Amino acid sequence: MSQNTNRQALIKADELEHFLDWTSKNGMQHEYDTIKHKIFIYHQACRLGDVRLPMTAHYAPEKAGIKWEEKNHILCMVKAGMAAVGYFENGINISHKVFRAYMVRKKQGKSQIKYLKTKGKSRAGSRVRLGESEMFFNQINERISNYLDTYPIDYIGYSCSKTLWPFLFEPGSTLQNNKHLLYKIPVHIQQPTYGRMLEINGLLLKATLRLEDVAPNLLAEYFEQNRESSHEDEQW
């Protein structure tokens, strides 16, 4: 487990069950949120933090245990003028496509969609950018549709600013029709490149522990044990 300065820690898949078992044995309670795929950790009614589970983990509250499953997923990351879409089998990228479109007005740096909210569509440049924008979102949905038609998909992870939601999730679009599979990627993505998509996929295959202010003291023993264990492994 690696702890960050912003009170977050990544937990490897093979450490997750040990961590949850340790918290239970030390008098902490778990509360699972199905929609967010998170386990909230409490001690004497005080929330210590939460664990966002890996997408390949299935949590059974009645057994308080983790079950690992092979899953297929799509990642879709969109910014104005650029997008990356990929298909993954059990965490391994099988196919991907990066899309680019002429959607940004060079002088102002605004996307064409934002610009059209305050200006008309009469200028030739605006019409070109609007046409590219429509093609851009159509291509994204077509790519995802092809994956859905070809492979069994368990979920679709997406990252997209709210400004672009009406265009990406247009009524009748593939994403809108499969919204039950949607999972919002809980990480800010500045540039949706292929490399960044692989990084995000790696994060989604790990658990993320987010700590409240009161948590470090109560969990200090576990972190200390983990550091000692890591040190022993290095010496070995």
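Quick caveat, the model's predicted, so the values are computed rather than measured. (Residues numbered from 1 in each chain as written. Predicted model: local features only at pLDDT ≥ 70, side-chain atom pairs only at ≥ 80, totals over all residues. Heavy atoms only, no water.)

A. Here's a closer look at the packing of aromatic side chains. Inspection of every chain in the model, using the stated rule, returns 11 aromatic pairs. Consider the rings of Phe-19 and Tyr-222, whose centres lie 5.0 Å apart with planes at 70 degrees: the pair is edge-to-face. One end of the pair, Phe-19, is in helix H1 (residues 13-25); the other, Tyr-222, is in helix H7 (residues 215-235), with 203 residues separating them in the sequence. For the pair Phe-19 and Tyr-222, a shared accessibility class is recorded, and that class is buried. When the ring of Tyr-158 is compared with that of Phe-169, the centres are 5.4 Å apart and the planes differ by 80 degrees; the resulting orientation is edge-to-face. On the criterion of sequence distance, the pair formed by Tyr-158 in strand E11 (residues 155-160) and Phe-169 in the loop between helix H4 (165-168) and helix H5 (174-177) is long-range, its members being 11 residues apart. (Phe/Tyr/Trp six-rings, centres within 6.5 Å; stacked < 30°, edge-to-face > 60°. Helix = DSSP H or I, 4+ residues; strand = E, 2+ residues; numbered from the N terminus. Buried < 20%, exposed > 50% of the residue type's maximum accessible area, 1.4 Å probe, protein only.)

B. Up close: H1. Looking at H1, one finds that the buried residues are Glu-15, Leu-16, Phe-19, Leu-20, Trp-22 and Thr-23. What you see down the axis of H1 is that its buried residues fit within an arc of 160 degrees, all on one side. Facing away from the buried side of H1 by over 90 degrees, the exposed positions are Asp-14 and Lys-25. Of the residues one or two after H1, Gly-27 is the one with positive phi, at around 80 degrees. (Arc of directions from axis to C-beta.)

C. Geometry of the sheet that holds strand E8 (residues 72-79). Pairing within the open sheet is mixed, and its 5 strands lie in the order E10-E9-E8-E11-E12. Across the chains shown, the open sheet's two edge strands, defined by having one partner strand only, are strand E10 (92-100) and strand E12 (182-184). Each neighbouring strand pair of the sheet contributes to a mean axis angle of 20 degrees, computed without reference to strand direction. Pairing geometry for strand E9 (residues 82-89) and E10, over 8 bridges, is antiparallel. Across the sheet, residue Val-85 finds its bridge partner in E10, namely Lys-97. (Pairing = 2+ DSSP bridges. Axes fitted to C-alpha atoms, helices over the stretch in contact; angles between N-to-C directions.)

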